[in-house]
Each structure stands twice: as C-alpha cells, then as structure tokens.
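# Architecture and fold: a report
Chain by chain, the residues:
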Amino acid sequence: MISFDHSIIEQCRRGDRKAQMQLYSTFYKRVYNACYRVLQDSYEAEDAMQESFLKAFSRLNTYDISTPFEAWLVRISINTSIDKLRKKELDVINLNENINYDVADSNDNEDWEQITGKVEQVKAAINKLPDASRLVINLYLIEGYDHEEIADILKIPAGTVRIQYMRAKQKLIELI
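If you're wondering where the values come from, they're calculated on a predicted model, not measured in any experiment. Going along each chain's sequence as written, the residues are numbered from 1 onward. Residue-level local features of this predicted model are given only where pLDDT is at least 70; pairs of side-chain atoms are given and counted only at 80 or more, and the full residue set underlies all totals for whole chains, interfaces and linings. Where side-chain values are given, they derive from all heavy atoms of the structure, hydrogens and water being excluded.

### A short note on the packing of helix H4 (residues 69–87) against helix H7 (residues 131–142)
Each axis is a line fitted through C-alpha atoms, taken for helices only over the stretch in contact, and angles between the N-to-C directions span 0 to 180 degrees. Strands are runs of DSSP state E lasting at least 2 residues, helices are runs of H or I lasting at least 4, and numbering of each runs from the N terminus. Here H4 crosses H7 at 175°, and the two axes come no closer than 12 Å. When the axes of H4 and H7 are compared, the pair comes out roughly antiparallel. Packed against H4, whose contacting residues are Ile 78, Ile 82 and Leu 85, the element H7 presents Asp 131, Leu 135 and Leu 139 at the interface. Charged residues are taken to be Asp, Glu, Lys and Arg, nonpolar residues to be Ala, Val, Leu, Ile, Met, Phe, Trp, Tyr, Cys and Pro, and polar residues to be all remaining types, Gly included. A breakdown of the residues in the contact of H4 with H7 according to their chemical character gives five nonpolar, no polar and one charged. Any angle that is under 35 degrees is reported as roughly parallel, and any over 145 degrees as roughly antiparallel; angles of 65 to 115 degrees are reported as roughly perpendicular and all others as oblique. Pairs of residues are marked as contacts when any of their non-hydrogen atoms sit within 4.5 Å.

Take a look at the structure:
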C-alpha cells in the first residue's frame, strides 16, 4: 500500500486541482495495473483508469477515512473495469450448467506452490484464460479479494465464483 498525507483528500474535496493532480500522480500506476489485469487491453485500461479517477473525485464525500484510500480507489477501478467487461457481455458460467471438475487432491497445495514460483509463466498462462476465469483469478490471487467479495463485485453467487476459480486454477495447471 502506498502511504500519503490524508490532508490531500480534504484538499481534493474542496476542489483543489493541485491536490487532485498529486493524488493522481501517487496512484495512477496502481489503478492502471488493476484495470489492465481485468481488461487485458492497454487502451481500455487507460480509459477505465481515467474514468475511475473521475468517479473517485466526484465521490470523495462518501470516502470513509477508516478505509485505506488506496483500497477504496482500487475497488472503484476494478468495478469500473468490470462494468466495461459487462458491456462486452462477459460470459460468466451459470450454476445451472453441467459442471464437470476434478476434486482437488491433497497434493494440490504442493503443486500450486511450485506453480507460483514460476511467476512469468503463470502471468502468461493467466492471460490465456477466458475473460471470466482471468477476472476471478486476478481478483482472488492478485488483488486479494475472497470469494464472497468477488461474488459481490461481480454480482454472482459465491458458489459460481468458487467454481470459476477452481476451473481457472485447473486450466492454469494444464497450461503450465
């Protein structure tokens, strides 16, 4: 997490353009990266980043200082990026579909630890996943949201998130 002076937020709430620029300069890389992980397109990510900052500046009066500002801002950027994906008709599996997946065995944790050691290979494999699977993996592994939080963000049942995660994890293992 990036640390910064919270008085900047108060200055931004009063419409101080220099403070807004300082806030933007402090967080734009983090927001862009969060948007890019969801959208996988640099132009779309830039657009989502700009839109996220506009939303954040217009909603500063709703920001609760007890929440880390960076977490609040990144959540806005992820939601903005997901909204962009939804406009593209993101294909999220339905729980009513016929679901075929293997139950993870006890060696799964050891296998998964070996995979996380190959960071570049994992990143490349994540980028090959379908949008819905890539989104769940990024939100869970990289952004650190739990299944219930992801379900809330995506507005789908937590069980669907767990299934998407399990399928994406299995597909990653296959790709690697």
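Still more ground to cover, so stick around.
### A closer look at the packing of aromatic side chains
Here a Phe, Tyr or Trp ring, Trp counted by its six-membered ring, pairs with any other such ring whose centre lies within 6.5 Å, and the pair is stacked when the planes are under 30 degrees apart, edge-to-face when over 60, and tilted otherwise. The final tally for this structure, using the stated rule, is nine aromatic pairs. Ring geometry for Phe 27 and Phe 69: centres 5.5 Å apart, planes at 55°, overall tilted. In this pair, Phe 27 is assigned in helix H2 (residues 17–39) and Phe 69 in helix H4, connecting sequence segments 42 residues apart. Note on exposure labels: buried denotes an accessible area under 20% of the residue type's maximum, exposed denotes more than 50%, and partly exposed covers the range between, all computed with a 1.4 Å probe on protein chains only. Residue Phe 69 is classed as buried on the basis of its relative accessible area, which comes to 1%. Seen in terms of ring centroids, Tyr 32 and Tyr 36 are 6.0 Å apart; in terms of plane orientation they differ by 25°. Their pairing is stacked. Of this pair, Tyr 32 and Tyr 36 both sit in helix H2, four residues apart, which is roughly one turn of the helix. When its relative accessible area of 23% is taken as the criterion, Tyr 32 is described as partly exposed. Judged by its relative accessible area of 32%, Tyr 36 is partly exposed.

### Notes on the nonpolar core
By size, the foremost hydrophobic cluster in this structure holds 45 residues, and its most contacted members are Phe 69, Ile 78 and Ile 82. Going through the elements one at a time, helix H1 (7–13), H2, helix H3 (42–58), H4, helix H6 (119–127), H7, helix H8 (147–154) and helix H9 (158–175) are the ones with two or more residues in this core. A total of nine residues in this core trace back to one element, the largest contributor, which is H2. Two domains each provide a minimum of three residues to this core, namely domain 1 (1–91) and domain 2 (108–175). Each residue touching Ile 78, except ones within four places of it in the same chain, is listed here: Ala 34, Leu 139, Glu 143, Tyr 145 and Ile 153. Each nonpolar core is a collection of buried residues, namely Ala, Val, Leu, Ile, Met, Phe, Trp, Tyr and Cys, held together in the definition by side-chain atoms within 4.5 Å. What fixes the domain bounds is an automatic or database domain assignment.

### What about the pattern of salt bridges?
Salt bridges, as used here, are contacts in which a Lys or Arg side-chain nitrogen is within 4 Å of a carboxyl oxygen on Asp or Glu. In total, this model carries eleven salt bridges according to the counting rule given. Here Glu 70 makes a salt bridge to Arg 30, at a shortest N to O gap of 3.1 Å. Of this pair, Glu 70 sits in helix H4 while Arg 30 sits in helix H2, placing them 40 residues apart in sequence. According to the relative accessible area criterion, Glu 70 is buried, its value standing at 6%. Its relative accessible area of 25% is what places Arg 30 among the partly exposed residues. Two residues, Asp 47 and Lys 84, come together in a salt bridge whose shortest N-O distance is 2.5 Å. On the criterion of sequence distance, the pair formed by Asp 47 in helix H3 and Lys 84 in helix H4 is long-range, its members being 37 residues apart. Using a relative accessible area of 39% as the deciding quantity, one classes Asp 47 as partly exposed.

### Some points on the environment of Val 122
Turning to its location among the elements, Val 122 is positioned in helix H6. For Val 122 and Ile 173, which are 51 residues apart along the polypeptide, the C-alpha to C-alpha distance reads 8.9 Å.

### Notes on unusual backbone geometry
With a phi angle near 55°, Gln 40 is a residue other than glycine that sits in the positive phi range. Counting through the fold element by element, Gln 40 comes out in the loop between H2 and H3. The class for Gln 40 is partly exposed, based on a relative accessible area of 23%. At Lys 155, a position not held by glycine, the phi torsion is positive, near 60°.

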